[in-house]
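This is what each chain is made of:
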Amino acid sequence: IDPARVAVVRNGLDEAPPDTLLGRRSATPRVVVLSRLVPHKQIEDALEAVAALRSRIPDLHLDVVGGGWWRQRLVEHTEQLGISDAVTFHGHVDDTTKHAVLQRSWAHVLPSRKEGWGLAVIEAAQHGVPTLGYRSSGGLTDSVIDGVTGLLVDDYDELVDSLECLLGDPVLRDELGAKAAARSGEFSWSQSATAMHGVLESVHAGCRVSGVV
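All figures in this text were calculated on a predicted structure; none of them were measured in a lab.

Now for the sheet that holds strand β2 (residues 30–34). Within a sheet, each strand pairs with its neighbour through backbone hydrogen bonds, oriented either parallel or antiparallel. Pairing is parallel in the open sheet, where 6 strands are placed in the order β4-β3-β2-β5-β6-β7. Strands with a single pairing partner mark the edges of an open sheet, and in this sheet they are β4 (87–91) and β7 (150–153). For this sheet, the mean angle separating the axes of adjacent strands, direction not counted, is 20 degrees. Sheet topology places strand β5 (residues 107–110) next to strand β6 (residues 131–134); 3 bridges connect them, and they run parallel. Counted as the bridge partner of Leu 110 is Gly 133 from β6. Along the sheet face, helix α3 (residues 95–104) touches β2, β3 (61–65) and β4 and points at about 145 degrees away from the line of β2.

And the structure:
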């Protein structure tokens, strides 16, 4: 399809419950994964990263927020890695609980094999939490601005190294988080609706718009 005929309307975003934005960041390092628990999300990589780093980062804890049919496999993998005490599986939770967990987190890890957009990235960004994920996933190259609102890596080893760097560098974490929070303000359902209306009006008028609307 001719790129001149392709218009991109950005995904909307529900506002975070105001009270959750007032919560304190955890005093000890906490990493969160916000995702459906299915194989292609590769939550195992986050679990293995925690297992690799917990001896070097005291009190490291992983919060897994989300449900799915792969959950029991992940619980068993956590037990095999010997890190059950360092991982909390929250399951499917309401919005207030989800955002409360995000608010106290230091970093968001999304190790998916593929992503269409990565709504969880922008939800974490509302709380000033940067995202770490794989460049090859596709959609994260749109939702994460590498080196600005988060970090994109090329393989598991780089994921572990970058997570250790992020958790050990409060200045970097704060810089990425602040820019992620600022960018999250660019997304809303009202903006998406306005942009979609503009695209439809253009088509109806016999002309076309392209690029990000």
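Looking now at the packing of aromatic side chains. Applying the stated criterion to the full structure yields 2 aromatic pairs. Each ring, one from Trp 69 and one from Trp 70, has its centre 5.3 Å from the other, and the planes form 80 degrees; the classification is edge-to-face. A ring pair is formed by Trp 117 and Phe 187, whose centres lie 5.6 Å apart and whose planes are at 55 degrees; its orientation type is tilted. Highlighted residues: Trp 117 in the loop between β5 and α4 (119–125) and Phe 187 in the loop between α7 (170–184) and α8 (189–204), separated in sequence by 70 residues. Residue Trp 117 is classed as buried on the basis of its relative accessible area of 19%. The exposure class of Phe 187 is buried, given its relative accessible area of 6%.

So, on to the packing of helix α1 (residues 43–53) against helix α6 (residues 156–168). Closest axis-to-axis distance for the α1/α6 pair is 10 Å, and the angle between their directions is 55 degrees. Accordingly, the angle class assigned to the pair α1 and α6 is oblique. Considering only the axes of α1 and α6, their crossing is right-handed. Here Asp 45, Glu 48, Ala 49, Ala 52 and Leu 53 of α1 come into contact with α6, specifically with Tyr 156, Leu 159, Val 160, Leu 163 and Glu 164. Tallied by class, the residues present in the contact of α1 with α6 amount to 7 nonpolar, no polar and 3 charged.

Quick look at the nonpolar core now. Ranked by size, the top nonpolar core spans 33 residues in total, and within it Leu 62, Leu 163 and Leu 167 carry the most contacts. The dominant element in this core, judged by the number of residues it contributes, is α1, at 6 residues. Every residue in contact with Leu 62, bar those within four places of it in the chain, is listed here: Val 31, Val 32, Val 33, Ala 46, Leu 47, Val 50, Ala 86, Val 87 and Thr 88. Membership of the second largest hydrophobic core comes to 9 residues, among which are Val 121, Ile 122, Leu 140 and Val 144.

The end-to-end C-alpha separation of α7 is 21 Å, in line with the 21 Å expected for 15 residues at 1.5 Å each. Residues Arg 173, Leu 176, Gly 177, Ala 180, Arg 183 and Ser 184 constitute the buried set of α7. For α7, the angular spread of buried residues about the axis comes to 125 degrees, placing them on one side. When the buried face of α7 is taken as reference, the exposed residues oriented beyond 90 degrees from it are Val 171, Asp 174 and Ala 182. In this structure, the buried residues of α7 make contact with α4, α5 (140–143), β7 and α6. One side-chain oxygen at the N-terminal end of α7 lies 3.2 Å from the backbone nitrogen of Val 171; it belongs to Asp 169.

Conventions we followed
- Residues numbered from 1 in each chain as written.
- Predicted model: local features only at pLDDT ≥ 70, side-chain atom pairs only at ≥ 80, totals over all residues.
- Heavy atoms only, no water.
- Pairing = 2+ DSSP bridges.
- Helix = DSSP H or I, 4+ residues; strand = E, 2+ residues; numbered from the N terminus.
- Axes fitted to C-alpha atoms, helices over the stretch in contact; angles between N-to-C directions.
- Contact = heavy atoms within 4.5 Å.
- Phe/Tyr/Trp six-rings, centres within 6.5 Å; stacked < 30°, edge-to-face > 60°.
- Buried < 20%, exposed > 50% of the residue type's maximum accessible area, 1.4 Å probe, protein only.
- Parallel < 35°, antiparallel > 145°, perpendicular 65-115°, else oblique.
- Left-handed = near helix turned anticlockwise from the far one by under 90°.
- Nonpolar A, V, L, I, M, F, W, Y, C, P; charged D, E, K, R; others polar.
- Core = buried A, V, L, I, M, F, W, Y, C linked by side-chain atoms within 4.5 Å.
- Expected span 1.5 Å × (residues − 1).
- Arc of directions from axis to C-beta.
- Polar contact = N/O pair within 3.5 Å; in protein donor to acceptor, adjacent residues only side chain to side chain.

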